[in-house]
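Coordinates in review
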Amino acid sequence: LLHGAPQRAAPWWRFERERLLALAEKNTPRYVYHLPTVRERARQLSAIDAIDRRYYAIKANPHPAILRELVAEGFGLECVSQGELERVFDALPELAAERVLFTPSFAPIDEYRTAFERGVTVTVDNVELLRNWPEAFRGRALWLRVDLGYGDGHHEKVSTGGKEAKFGLPAQRVDEFVDLARSLGIAITGLHAHLGSGIDNGGHWKAMLDELAGFARRIGSVDTIDIGGGLPIPYRADEEAFDLDAWAEGLAEMKHLHPAFKLAIEPGRFLVAEAGVLLAHATQVVEKDGVRRVGLDAGMNALIRPALYDAWHDIANLSRLDDTDEAMFDIVGPICESSDLFGKDRRLPRATAPGDTMLVADAGAYGSSMASEYNLRALPAEDIVE
Ligand code: LLP
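In this text the structure is predicted, and so the values were computed from the model without any measurement.

1. Brief notes about the site of the ligand
Lining the immediate surroundings of the ligand are 22 residues, of which Ala57, Ser197, Gly229, Gly268 and Tyr366 lie closest. Put simply, the parts of the chain that give the shell around the ligand at least two residues each are α11 (269-272) and α12 (305-309). In terms of residue class, the shell around the ligand is built from nine nonpolar, nine polar and four charged. Viewed by domain, the shell around the ligand spans two of them, domain 1 (62-267) and domain 2 (274-385), each represented by three or more residues.

Rendered as structure tokens:
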């Protein structure tokens, strides 16, 4: 009898090797996004009955084809800047404003004004906004982002709750906010919390929902509770997938206790991370003091997650996918920083050579959206695979 989690399916790119090799011939670095994978993830979330509204946090990947795909799957879109709002309405001019959230952090007040003009749902997360610009908020319906006092996530840099984090109104100031809002004729129609990104403790959302429902009941006017994003994906080939069924069960249990509220979520990574790969060509293979390094024409400017969070991405040599004679390599980029390192002590074909097409997996979330032109290296190209 075999125990443990069922084997995960092989990633899509193993079946699209020829297509990817052809795309890489155009030029590299290039991101390639596989829409069927986005659709599959969207449908996994859509199948969860306890969730009433689904939003996609577009900061993970604002490619217009991805936005259109997710909207077609019934998702709304969550934006954090004026630029993201513009992207959404450029890509989807007919999109109803009710399907868009604006959840900024320390944004200039004019961005809030623009969001109200567009008719999207605005979330605020401090008292000072209302104090300093009462005229901007008077008489509006608002969502309120609460800091429940703790955060979580795959790295301390992506935890968004607790004293060290800049996000959210602390629980002990909710009454103060509610009083001020009342005096301005503001209706608080939604409560929001997002504790961080890449959280593998599946029970946390259920606890959040419970806590937020407590606040919502006190406030009275709330109809929607948004428990944020933060769903993880398995970045390592040997890692188990997040237990979505257990997660959904927990939410259903809570929903049963708090039937008065619509439940909303706003994941980013879960929907798009596995759908994206970064393609690069090997530039040089060098041995120094016993360490073999393969250089890519993509650097930390193209994908900053390893440098910024020590994040793991599987790396493959697409030109020699079936080679079984392997050796250990560090995989580096062409940027003049020692943190320009995609992976250390990785197994790759021993024959890996300049010109090989290399693939960095699970790069669909926070890849191109965080890319820069550091060292005056061009931004990666992007392709969609249907
Ligand atoms: N909602 C809010 C308010 C957020 O701030 C975020 C992400 C999300 C939803 C979506 O979170 P997700 O489901 O993708 O975890 N650059 C980091 C992740 C930063 C996430 C920022 N906020 C990374 O590459 O791991």
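2. Examining the pairing of strand β14 (residues 326-332)
Bridge count between strand β12 (residues 291-296) and β14: three bridges; the pairing is parallel. Residue pairing across strands places Val294 opposite Ile331, the latter belonging to β14. Both β14 and strand β15 (residues 341-349) contribute to a ladder of six bridges, which runs antiparallel. Looking at the pairing, Met328 lines up with Arg347 of β15.

3. With respect to unusual backbone geometry
Cis geometry marks the peptide bond from Thr28 to Pro29; its omega dihedral reads 0°. Residue Asp345 is not a glycine yet carries a positive backbone phi of 50°. Tracing the sequence through the fold places Asp345 in strand β15. Its 10 C-beta neighbours within 10 Å are what place Asp345 among the exposed residues. We note that Tyr366 has phi near 60°; this positive angle belongs to a residue other than glycine. Checked against the element boundaries, Tyr366 lands in the loop between β16 (357-360) and β17 (381-385).

4. What about helix α9 (residues 204-219)?
The terminal C-alpha atoms of α9, which comprises 16 residues, lie 23 Å apart, in line with the 22 Å expected from a rise of 1.5 Å per residue. Buried residues of α9: His204, Trp205, Lys206, Met208, Leu209, Leu212, Ala213, Phe215 and Ala216, and no others. Contact partners of the buried residues in α9: β6 (141-147), α8 (174-183), β8 (187-192), β9 (224-226), α10 (244-257) and β10 (262-265). Phi turns positive one or two residues past the end of α9, at Gly220, with a value near 95°.

5. Brief notes about the domain arrangement of the protein
Assigned domains of the protein: these are domain 1 (62-267) and domain 2 (274-385). Between domain 1 and domain 2, the C-alpha centre-to-centre distance is 34 Å. On the domain 2 side, the residues contacting the 11 residues of domain 1 number 10 residues. Classifying every residue of the side of domain 1 that touches domain 2 gives six nonpolar, three polar and two charged.

Basis of the calculations
- Residues numbered from 1 in each chain as written.
- Predicted model: local features only at pLDDT ≥ 70, side-chain atom pairs only at ≥ 80, totals over all residues.
- Near = placed C-beta within 6 Å.
- Helix = DSSP H or I, 4+ residues; strand = E, 2+ residues; numbered from the N terminus.
- Nonpolar A, V, L, I, M, F, W, Y, C, P; charged D, E, K, R; others polar.
- Domains from an automatic or database assignment.
- Pairing = 2+ DSSP bridges.
- Buried ≥ 20, exposed ≤ 12 C-beta atoms within 10 Å, placed from the backbone.
- Expected span 1.5 Å × (residues − 1).
- Contact = placed C-beta atoms within 7 Å.

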